[in-house]
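Fold and contact review
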Amino acid sequence: MLPSRTSSGPDIFFYNTLTKKKEKFHSLHGRAVKMYTCGPTVYDYAHIGNFRAYVFAEIVRRTLEYAGYEVKQVMNITDIGHLVGDGDSGEDKMTAGLKREGLDLTLSNMKMLAERYAEAFEEDLKRLNIELPFTFPRASEHIPEQIAYVETLIGKGYAYATKDGVYFEVGKFPGYGALGGSASYDHARIAHNPEKRDMRDFALWKFDEKLGWEAPFGKGFPGWHIECVAMSTKYLGKTFDIHTGGVDHIAVHHNDEIAEAEAANGKPLANFWMHGEFITIEAKRIGKSEGNAVRLYQLEERGVSPLAYRYLLLTAHYRQKMNFTWEAAEAAQTALNRAQRAYREFPAEGGRIQDAYREMFREALYDDLNTPEALSIMWNLFRDDGISPEDKRATLYDFDRVLGIGMRPVEHIEAISRSSAMGPLVIPPEIEAQITEREEARKAGDFAKADKIRDSLTQKGYSVEDTQKGPVVRPI
Ligand code: AMP
Ligand code: ZN
């Protein structure tokens, strides 16, 4: 059945962890969608497993954009942490990062460490052709907002202080654990604090007289969940459309975010909760101790480009467990090369998007992001003798709005200025078309044509800089 169209846009179905079923997507504000993605703790370099979570979140976003929505995505950067003994994560990664690098435990060192890894993270996102979010708010830059939430929760009777911190009282929030998962088990692992009223109670704030931020209830550090609540609601409002994360966030982090936000605000935090499954490497969980925390550049060293890794991720549905093998990665590179080579041989001019293929492509994506099916439709199109090469090219160019595997020029969008109110830079389609044309002229060695197009872009108010990774375009 083809997706039907209504005045509010096509029907899109997403699996909602909150209701445990596929639900028709509807946004709170017409064509505007607000989406929050739990981002990294920047205590070390991200490994290829982490990027599965961000490619998944970006496919949610690109699919909605393909359907005509404007998506405001926010991704936090957790750059502080001091929850030793509080089982939110079982360890404080930022402190561990400082120790690992032989740095003194100070806030400024924590910030320095965090910014180094945040920068590396952003670079890797770009290499994966991930559209950057509207903003990457830092937890350390939103302390007053977090303190305000803790104060509200204390004021409303949902929180209490112990000797080592302020805790959320789970027993006061009847709907606790709405997302499911084994939260009570995870909380049970938390170091025992005899002052806690319930094993499941979790820290909103941990006291520390030496290091941390001053707060009315005592100097210290915020808990991880309150960071996300404070930053998501600051940029997206008290209730927003979609909250994404990895499946490991469900049981504790997201159940706790829901409890905090809904107790404080009296309304749902997000309508759709979406979670990406994990990837293993050679059937083992990814981790430092396993010695397989492979980074993107290590794939490149073995001849697998970031785009090929992106392609590989799209071959599995985001809710399926996936296993990375080097053979599969190499096969993804071969497939991508074949697709890109065939695409480049199709004439660039005069093609028309094939509606039947576009409908099939939409149908796959709008059915809870069936990217494996979307890729198989792409391959069917390549093979279809009934479609002219120029029409194939036009249709593939359209598909690449979602797939992002290099049919369109890669990395020509310097997407967002960090933490600014400027909002995303939107490149008009005719400018994009000129950038593509110029790239093709350059590749073909026609530099006179490339220069002419650059002049025309300058006149229209865009500068083009040719970098190793491709053209970067900015408004002048
Ligand atoms: P962390 O830095 O550990 O908080 O993880 C950052 C993100 O990566 C989270 O969204 C996790 O869900 C996700 N993640 C971590 N390991 C994997 C993995 N092996 N496969 C997929 N996602 C992962
Ligand atoms: Zn979060």
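Keep in mind that what you see is a predicted model, and the values were worked out from it rather than measured. (Residues numbered from 1 in each chain as written. Chains lettered and ligands numbered in written order. Predicted model: local features only at pLDDT ≥ 70, side-chain atom pairs only at ≥ 80, totals over all residues. Heavy atoms only, no water.)

Here's the deal with the site of ligand 1
Gly49, Asn50, Lys93, Asp248 and Ile279 are the nearest of the 15 residues found near ligand 1. A distance of 3.0 Å is found between an oxygen atom of ligand 1 and a side-chain nitrogen or oxygen belonging to Asn50. One of the side-chain nitrogen or oxygen atoms of Lys93 is found 3.1 Å away from an oxygen atom of ligand 1. When isolated, ligand 1 has an accessible area of 490 Å², and the protein chains bury 90% of it. Per-element tally for the shell around ligand 1: the top contributor is helix α1 (residues 48–66), with five residues. (Near = heavy atom within 4 Å. Polar contact = N/O pair within 3.5 Å; in protein donor to acceptor, adjacent residues only side chain to side chain. Areas by Shrake-Rupley, 256 points an atom, 1.4 Å probe, with all protein chains shown as cover. Helix = DSSP H or I, 4+ residues; strand = E, 2+ residues; numbered from the N terminus.)

Observations regarding the confidence of the model for the chain
Keep in mind that low pLDDT regions are not for reading the predicted coordinates in detail. In this model, the chain carries an average pLDDT of 89, and 89% of its residues clear a pLDDT of 70 or more. Segment residues 1–7 is flagged for pLDDT under 50; beyond a separation of four residues in sequence, or across chains, it makes 13 contacts in the model. Confidence over residues 412–425 falls short of pLDDT 50; this stretch has 34 contacts with residues more than four positions distant or in other chains. (pLDDT = per-residue confidence, 0-100. Contact = heavy atoms within 4.5 Å.)

As for the coordination of the zinc ion (ligand 2)
Within the protein, Cys38 (SG), Cys228 (SG) and His253 (NE2) serve as the donor atoms for the zinc ion (ligand 2), at 2.0 to 2.2 Å. The sequence pattern formed by the donor residues of the zinc ion (ligand 2) is C-x189-C-x24-H. Taken as a pair, Cys38 in the loop between β5 (32–37) and α1 and His253 in helix α7 (residues 250–265) lie far apart in primary sequence, 215 residues in all. With relative accessibility at 2%, the residue His253 sits in the buried group. (Donors = N, O, S within 2.8 Å, 3.2 Å for Na, K, Ca; no water. Buried < 20%, exposed > 50% of the residue type's maximum accessible area, 1.4 Å probe, protein only.)

As for the pattern of salt bridges
Applying the stated criterion across every chain, the model contains 31 salt bridges. Put simply, Arg100 and Asp44 hold a salt bridge, and the shortest N to O gap is 3.4 Å. In this pair, Arg100 is assigned in helix α2 (residues 93–100) and Asp44 in the loop between β5 and α1, connecting sequence segments 56 residues apart. The partly exposed category is assigned to Arg100, whose relative accessible area is 40%. Looking at Asp44, the relative accessible area reads 14%, which means it is buried. Residue Lys206 is joined to Asp164 by a salt bridge in which the shortest nitrogen-to-oxygen separation is 3.9 Å. Of the two residues, Lys206 sits in strand β9 (residues 202–207) while Asp164 sits in the loop between β7 (159–161) and β8 (165–168), which places them 42 residues apart along the sequence. Judged by its relative accessible area of 8%, Lys206 falls in the buried class. Judged by relative accessible area, Asp164 falls into the partly exposed class, the value being 29%. (Salt bridge = Lys/Arg side-chain N within 4 Å of Asp/Glu carboxyl O.)

Comments concerning the sheet that holds β9
Spatial strand order, β7-β8-β9-β10: four strands in an open sheet with antiparallel pairing. The open sheet has two free edges, formed respectively by β7 and β10 (220–222), since each of these has just one partner strand. Here the average twist between neighbouring strands, direction ignored, is 20 degrees. Here helix α4 (residues 143–155) sits on the sheet in contact with β7, β8, β9 and β10, set at roughly 120 degrees to β9. (Pairing = 2+ DSSP bridges. Axes fitted to C-alpha atoms, helices over the stretch in contact; angles between N-to-C directions.)

Concerning the pairing of strand β6 (residues 70–75)
Strand direction decides the pairing type here: β5 and β6, joined by six bridges, are parallel. Along β6, the bridge assignment pairs Tyr36 with Val74. Once you follow β5 into α1 and on to β6, the crossover reads as right-handed. (Right-handed = clockwise from strand over helix to strand, strands pointing away.)

Focus on unusual backbone geometry
Notably, Lys20 is not glycine yet its phi reads approximately 60 degrees, a positive angle. Position of Lys20 relative to the elements: it lies in the loop between β3 (13–16) and β4 (21–24). Not every positive phi belongs to a glycine, and Asp368 is a case in point at roughly 55 degrees. On the secondary structure map, Asp368 appears in the loop between α11 (355–366) and α12 (371–383). Given the relative accessible area of 0%, Asp368 is considered buried.

A short note on the sheet that holds strand β11 (residues 240–246)
The strands making up a sheet associate through backbone hydrogen bonding, with each pair oriented either parallel or antiparallel. Here we have four strands laid out as an open sheet, ordered β6-β5-β11-β12, and parallel in their pairing. Bordering the open sheet on either side are β6 and β12 (270–276), each of which pairs with just one other strand. Ignoring strand direction, the axes of neighbouring strands in this sheet form an average angle of 20 degrees. Two elements, β5 and β11, share three bridges in a ladder whose sense is parallel. By the bridge assignment for β11, Tyr36 is matched with His243.

A look at a positive patch on the surface
Taken together, the side chains of Arg338, Arg341, Arg344, Arg383 and Lys443 define a basic patch exposed on the protein surface. Ranked by the residues each element gives to the positive patch, the list is headed by helix α10 (residues 326–345), at three residues. Relative to the helices and strands, Arg338 is located in helix α10. (Patch = residues over 30% accessible without salt bridge, like charges linked within 9 Å, V, L, I, M, F, W, Y side chains within 5 Å. Lys, Arg positive; Asp, Glu negative; His and termini not counted. Charge placed at Lys NZ, Arg CZ, Asp CG, Glu CD.)

With respect to the pairing of β12
Counting buried positions along β12 gives six out of seven residues, so the element sits mostly inside the fold. Note: β11 against β12, six bridges, orientation parallel. Bridge pairing in β12 places His243 opposite Trp273.

Regarding the environment of Gly223
Note that Gly223 resides in the loop between β10 and α6 (224–236). For Gly223, a relative accessible area of 0% puts it in the buried group. Along the sequence, Gly223 and Val150 sit 73 residues apart, while their C-alpha atoms lie 10.0 Å from each other.

Details of helix α9 (residues 306–314)
The buried fraction of α9 amounts to nine of the nine residues, a majority that puts the element mostly inside the structure. Every buried residue of α9 is listed here: Pro306, Leu307, Ala308, Tyr309, Arg310, Tyr311, Leu312, Leu313 and Leu314.

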